[in-house]
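# Residue-level structure breakdown
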Amino acid sequence: MKPRTAARITGAALVAAGTVAALTAPATIAEPAGPPVSPELVAAMQRDLGLTADQAVARLGQEAVAARADSALREALAGSYGGSYFDANLGKLVVGTTDAAKSDEVRAAGAEPRQVAASEQQLDGIVEALNGRGAQAPAAVTGWYADVRENAVVVTTRPGTAEQATGFVRDAQVPQESVRVVESPAQPETYADVVGGYAYYTASGARCSMGFAVQGGFVTAGHCGAPGGALTRPTGYFAGSSFPGNDYAFVNTGSDDTGYPLVYNYNNGYVRVSGSAEAPLGSSICRSGSTTGWHCGTVLAKNQSVRYQEGTVSGLTRTNVCAEPGDSGGSFISGNQAQGMTSGGWGDCRTGGETYYQPVREALSAYGLTLLTQ
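Definitions and limits used
Think of each chain on its own: its residues are numbered from 1, step by step along the sequence as written. In keeping with the predicted nature of the model, local features appear solely for residues at pLDDT of at least 70, side-chain atom pairs appear and are counted solely at 80 or more, and the whole-chain, interface and lining totals rest on all residues. With hydrogens and water stripped out, all remaining heavy atoms of the structure feed into the side-chain values. What makes two strands pair is DSSP finding at least two bridges between them. A run of H or I in DSSP becomes a helix once it reaches four residues, and a run of E becomes a strand once it reaches two; helices and strands are each numbered from the N terminus. Whenever a helix is involved, its axis is fitted only over the stretch in contact; in every case the axis is a line through C-alpha atoms, and angles between N-to-C directions fall within 0 to 180 degrees. Here the nonpolar core consists of buried residues drawn from Ala, Val, Leu, Ile, Met, Phe, Trp, Tyr and Cys, with membership extended through side-chain atoms lying within 4.5 Å. Only protein chains enter the accessibility calculation, which uses a 1.4 Å probe; a residue is then buried when its area is under 20% of its type maximum, exposed when over 50%, and partly exposed in between. To estimate the expected span of a helix, subtract one from its residue number and multiply by 1.5 Å. What counts as a ring pair is set by centres within 6.5 Å for rings of Phe, Tyr and Trp (its six-membered ring), and what kind of pair is set by the plane angle: stacked under 30 degrees, edge-to-face over 60, tilted for all other angles. Criterion for a charge above a ring: Arg CZ or Lys NZ at most 6 Å from the ring centre, at most 35 degrees from the ring normal. What makes two residues a contact is simply this: any of their non-hydrogen atoms within 4.5 Å.

### Focus: the sheet that holds strand S3 (residues 112-115)
Ordered by their spatial adjacency, 3 strands build an open sheet running S1-S2-S3, and the pairing between neighbours is mixed. The sheet terminates laterally at strand S1 (81-87) and S3, the two strands that pair on one side only. The mean angle between the axes of side-by-side strands here comes to 25°, regardless of whether they run parallel or antiparallel. Here S1 runs beside strand S2 (residues 92-97); their pairing, made up of 5 bridges, is antiparallel.

Here you go:
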């Protein structure tokens, strides 16, 4: 779980300099054209999700409908809302509710109802209780999250250590029937040592990836730099940074650096950012980072707490998108909606793995920022 400390710039790392130069020279960025669905996004979904082009376009449409239904039902069901996820086989949102009488209301919104024992609020309460005892968790415990598919909180722990994890849950005095302990070889670590979106470089020679352009700069991962830390390309400084606990930061850039509401897809193209509507569980999602480029997958879990060596970060979203060191801070986007910035994970883009991201809305709210959109 040791974070990969940022590497010094070497001759190999300087290959990324042309990418950074493109950011500081607005004239080289072409205005994206064509239909709302990016051909590059569709191609990536074909490659990473095993879809045809028609299936990818259809899924994006279904997910947009699901996102709207989720927003409406989350408010309408209130305390009986049991979480939701996009079911690719059904092509629609599945919504849990503790009140069977709400099923018709769920169907009327275009979603599939599912009766559950615990509300999302109750599951999140268990996550918060575990967060409060995070410092007392055994070293073998690697994280915990609310799994709305299982209607339970899942605690992950290293192989052969389930008993230790069960003791941690018991000591937290949370409802045992709503918690599952899962042994897993995954060992999350932060991605901060070497190119969601363009690369950027700190004064110490470290490299991370930009998340999303905002008024005055961009958001990225908090573990990439401390408040006041300087950047060399583009010029700027960390005006705010939070890690651990959270993993977000705001970088204030120089007046010569122009922000664009775009995410680079590492195939000489861009995906436009039109908003930050949260994608439901199960939705397709793509990530851009300066080490491994553009990769796609699906949303696996929300409100995940991850125990890095530096401390626990809560409120992350887990995906099966791959990533590697240097991708930290890069963009996670679903369709044209900004989702978050790469925090860390396990595995790589050769053998696979999982990656966590910090939801972008939390960073925007923390620093009072305005996301650039078009």
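### Section: the nonpolar core
Within the largest apolar cluster, 26 residues are counted, with the highest numbers of intra-cluster contacts made by Met45, Phe212, Val219 and Trp294. If you tally residues by element for this core, the top one is helix H2 (residues 39-49), at 4 residues. Counting 17 residues, the second-largest nonpolar core is a separate cluster that includes Val127, Val141, Val153 and Val179.

### Points about helix H3 (residues 53-77)
Counted at 1.5 Å a residue, the expected span for H3 with its 25 residues is 36 Å, and the 35 Å between its end C-alpha atoms agrees. Looking at H3, one finds that the buried residues are Ala56, Arg59, Leu60, Glu63, Ala66, Ala67, Ala69, Asp70, Leu73 and Leu77.

### Overview of the packing of aromatic side chains
In this structure the tally under the stated criterion is 10 aromatic pairs. Both rings, one in tyrosine 264 and one in tyrosine 266, keep their centres 4.6 Å apart while their planes meet at 50°; by these two values the pair is tilted. Tyrosine 264 sits in the buried class, given a relative accessible area of 15%. Between the NZ or CZ atom of arginine 318 and the centre of the ring of tyrosine 145, over which it lies, the distance is 4.3 Å.

### Quick look at the environment of glutamate 63
Looking at the element boundaries, glutamate 63 is found in helix H3. For glutamate 63, a relative accessible area of 5% translates into the label buried. Counting along the chain gives 28 residues from glutamate 63 to glycine 91, while the straight-line C-alpha distance between them is 7.9 Å. Each residue touching glutamate 63, except ones within four places of it in the same chain, is listed here: Phe86, Gly282, Ser283, Ser284 and Ser334.

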